[in-house]
Amino acid sequence: MQAETLILGQVLTFAESPFDVPPDEAARHDRAGAVAVGAGRIVAVGPADRLRVAHPAARVVDHGDALILPGFVDAHAHYPQTAIIASWGKRLIDWLETYTFPEEARFADPAYARAQAETYLDLLIAHGTTSVASFCTIHPASVEALFEAAAARGMGVTAGRTCMDRNAPAPLRDTAQAAHDESAALIGRWHGRGRARYAITPRFTPTSTPAQLEALGALWAAHPDCAMQTHLSEQREEVRWVARLHPEARDYLDTYEAHGLLGPGAMFGHAIWLTERERARLAEAGASVVHCPTSNTFIGSGVFDCARAVAGGIGVGLATDTGGGSSFSMLRTMAAAYEIGQLSGAALHPAQLLWLATEGSARAMRRAAEIGTLAPGSAADLVVLDLASTPAIAQRAARAETLWESIFPTLMMGDDRAVAATWIAGRMFGR
Ligand code: GUN
Ligand code: ZN
C-alpha cells in the first residue's frame, strides 16, 4: 500500500518484550527513521531513506531529532475525576467519599459530562496519550460523552459505566438489574463502533453486591470480547473490608472469580496486597493487573512489585489512575514506576518502562493488534518526544553516551513539554 504520509524522526520499536530478552535485543532503533502512514494505519517502519524511495508521493513531516514511539496507552483512569485531581489529605475510602463521589454525582448532567470528556481527552493528547481504559460514572450519558469525544478525535478508547449498588451515596447507586441492562445497552450501541471498545466496569467489591457482580459476570459471559475493569487490593483497609463483607471468599480475587469476573481481558487496578494464591490465579487465568504508581504513592496505598508480577507471568499494564493518580502524564507515571521499582529492589530499564506504557498496557486491554506498537496494520497512534524539552533535561541528555541514556532523563523529568506532537489515526495534533 502506498503511504500518504511519512513521519520522520528517531524511531523506537520493540520486536520483543524487554522483560523477556535484554533491552538491546528487544528494541529496534533507527536514528534516521520513518513511519509510513496510510488510511490512519501504519504501513511500514524503517530507515527514512528507504521509505522515501518506496513512498515517493507521500507528504513528509519531519520531526528532526525527536523520538517517535507508539502513543502512550493509559490502562486505568477515571475521566470523571479530572477536576478533582490533586485533592489533599485522604486515603482511599475517605478520598472516595470526600472528593470522588460528589464529583461523580455531577455527571448526572450530560452537558457537564460532555465538557469534562472533552477537557480530559485534550489533556491526554497534550500528554502524548493516544488510548485509555477509563471508568465513567453510573450515568450512561457519561459513557456516551467519552465515546463521542473520542470519536471526534479519532481515538480508540475503552470505557464503561461504573456500577455500584451498595456503600455509595444514593444518587450514585443502581441495582444489579439496572447495572446489567444499562451496560448491555451501551455495549450494543458502542462496543466495536469505530474504535470504541466497552469495558464491563464494577467499581470494586465493596460497592457491588454479589447479585450485581453476578449480573455483570453473566453480561461478560455474553460479551466475552469486552474488557472487564475493576479494582483489587489497593489498600490494606480495603482488603480487610472485603474480608469482612465476604467471609465465605478465599481472598479478594475470589469475590470476582466467584461471579465470573476473572479471565483473559480482566484488568485489575492496583493489585498491591496480593496473596500467593491470588498471584497464581491471576497468571493462570490470563488476567492482567494495572500498575498505578503515582496513585499508589499519592493515596498512600503501597509499593507494587512490578518485576515480581511480570516474573510471575501476570500481564501488567501501566496507568495514571487519574484522579487518584497525581498526573495525566505517562512520562510522570514511568518516573514513578521507576522510583517504586527502586523501593522494591528492581531498577526498571527505560526500555521496560516504555514497553509497559505502550505495548504492556495494550496487551492488558487485549488491544495490542491495534495500539501500543508500531507494527504495520496498527493504528497510526504515535507520540513524538523532544528529548531536550527543558534546560534541565537538555543538559543531562547532552552527556548521554547511549540511546537509553538519551531517553531516561525525559522519562524521569519530562512532562507535556516533552510532547512535540501526538498522532492519532494518522492525524497530527501539534503543540
Ligand atoms: N477503588 C474504588 N474506586 C476507586 C477510584 O475511583 N480510585 C481509586 N484509586 N481506587 C478506587
Ligand atoms: Zn481506579
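Residues numbered from 1 in each chain as written. Chains lettered and ligands numbered in written order. Predicted model: local features only at pLDDT ≥ 70, side-chain atom pairs only at ≥ 80, totals over all residues. Heavy atoms only, no water.

Undergrad: Please explain the site of ligand 1 as it appears in this structure.
TA: Around ligand 1 sit 13 residues in total, of which His78, Gln81, Arg203, Glu234 and Asp321 are the nearest. The side chain of glutamine 81 places a nitrogen or oxygen atom 2.9 Å from an oxygen atom of ligand 1. A distance of 2.8 Å separates a nitrogen atom of ligand 1 from a polar side-chain atom of arginine 203. Contact with the protein chains hides 100% of the accessible area of ligand 1, taken as 280 Å² for the molecule alone. One can see that ligand 1 is located within the largest cavity. For the shell around ligand 1, the element with the highest residue contribution is helix α3 (residues 92-105), accounting for three residues. (Near = heavy atom within 4 Å. Polar contact = N/O pair within 3.5 Å; in protein donor to acceptor, adjacent residues only side chain to side chain. Areas by Shrake-Rupley, 256 points an atom, 1.4 Å probe, with all protein chains shown as cover. 1 Å grid on protein atoms, 1.4 Å probe; cavity = no way out; pocket = protein on both sides within 12 Å on 5 of 7 lines; lining within 4 Å. Sits in = over half its atoms within 2 Å of the grid points. Helix = DSSP H or I, 4+ residues; strand = E, 2+ residues; numbered from the N terminus.)

Undergrad: Help me understand helix α7 (residues 210-222) in this model?
TA: Helical geometry: 3.6 residues make up each α-helical turn, so side chains three or four residues apart lie on a common side. Between the first and last C-alpha of α7 there are 18 Å, a value that for 13 residues agrees with the 18 Å anticipated at 1.5 Å per step. Along α7, the residues classified as buried are Gln212, Leu213, Ala215, Leu216, Gly217, Leu219 and Trp220. Against β8 (162-163), α6 (176-190), β9 (197-202), β10 (227-232), α9 (252-257) and β11 (266-270) lie the buried residues of α7. (Expected span 1.5 Å × (residues − 1). Buried < 20%, exposed > 50% of the residue type's maximum accessible area, 1.4 Å probe, protein only. Contact = heavy atoms within 4.5 Å.)

Undergrad: Whenever I open this one, the coordination of the zinc ion (ligand 2) confuses me. Can you help?
TA: Coordination angles at a metal have ideal targets, namely 109.5 degrees for four tetrahedral donors and 90 or 180 degrees for six octahedral donors. Donor atoms from the polypeptide that bind the zinc ion (ligand 2) are His76 (NE2), His78 (NE2), His231 (NE2) and Asp321 (OD), placed at 2.0 to 2.6 Å. One can describe the donor arrangement at the zinc ion (ligand 2) as irregular, given that its four donor atoms subtend angles of 90 to 159 degrees at the metal. Each donor residue of the zinc ion (ligand 2) belongs to the same chain, with the gaps between them written as H-x1-H-x152-H-x89-D. Taken together, the positions of histidine 78 in strand β5 (residues 72-78) and aspartate 321 in the loop between β13 (315-318) and α13 (330-343) put the pair 243 residues apart, joining distant regions of the chain. For the residue pair histidine 78 and aspartate 321, the accessibility class agrees, reading buried in each case. (Donors = N, O, S within 2.8 Å, 3.2 Å for Na, K, Ca; no water. Tetrahedral: all angles 85-135°; square planar, octahedral: opposite > 155°, others 65-115°.)

Undergrad: Sorry if this is basic, but what is going on with the layout of surface pockets here?
TA: Empty space among the atoms can be located by rolling a probe the size of a water molecule over them. Considered as a void within the structure, the largest pocket measures approximately 210 Å³ in volume. Around the largest pocket, the lining comprises 14 residues; the ones closest to its centre are Ile314, Gly315, Val316, Trp355 and Arg363. When contributions to the lining of the largest pocket are tallied by element, the ones reaching two or more residues are β13 and α14 (350-364). Taken together, the residues of the lining of the largest pocket break down into seven nonpolar, five polar and two charged. (Points joined across faces, edges and corners; volume = space filled by probe spheres on them. Nonpolar A, V, L, I, M, F, W, Y, C, P; charged D, E, K, R; others polar.)

Undergrad: What's the story with the side chain of histidine 127 in this structure? I'm lost.
TA: When you line up the elements, histidine 127 lands in the loop between α4 (110-126) and β6 (129-135). A polar contact is formed between the side chain of histidine 127 and the backbone oxygen of leucine 123, at a distance of 2.8 Å. Not counting the four nearest positions on each side in its chain, histidine 127 is found in contact with Phe72, Phe328, Ser329, Asp416 and Val419.

Undergrad: I keep staring at the packing of helix α5 (residues 140-153) against α6 and nothing clicks. Help me out?
TA: A packed helix pair is summarised by two numbers, namely the angle formed by the two axes and the spacing between the axes. Close contact between α5 and α6 brings their axes to 10 Å; oriented N to C, the two are set at 20 degrees. Between α5 and α6, the crossing angle belongs to the class labelled roughly parallel. Regarding α5 and α6, the two cross each other, and that crossing is right-handed. Of the residues in α6, those touching α5 at Pro140, Val143, Glu144, Phe147 and Glu148 are Glu182, Leu186, Arg189 and Trp190. Here the residues of the contact of α5 with α6 sort into five nonpolar, no polar and four charged. (Axes fitted to C-alpha atoms, helices over the stretch in contact; angles between N-to-C directions. Parallel < 35°, antiparallel > 145°, perpendicular 65-115°, else oblique. Left-handed = near helix turned anticlockwise from the far one by under 90°.)

Undergrad: Please explain the pairing of β11 as it appears in this structure.
TA: For a regular strand, side-chain orientation follows a simple rule: the groups alternate between the two sheet faces. Here β11 lies mainly inside the structure; five of its five residues are buried. In this sheet, β11 lies alongside β10 in parallel orientation, the contact comprising five bridges. If you follow glutamine 229 over to β11, its bridge partner there is methionine 267. Pairing of β11 with strand β12 (residues 288-291), which is carried by three bridges, proceeds in the parallel orientation. Looking across to β12, one finds that methionine 267 is bridged to serine 288. The handedness of the β11 to β12 crossover, carried by helix α10 (residues 276-285), is right-handed. (Pairing = 2+ DSSP bridges. Right-handed = clockwise from strand over helix to strand, strands pointing away.)

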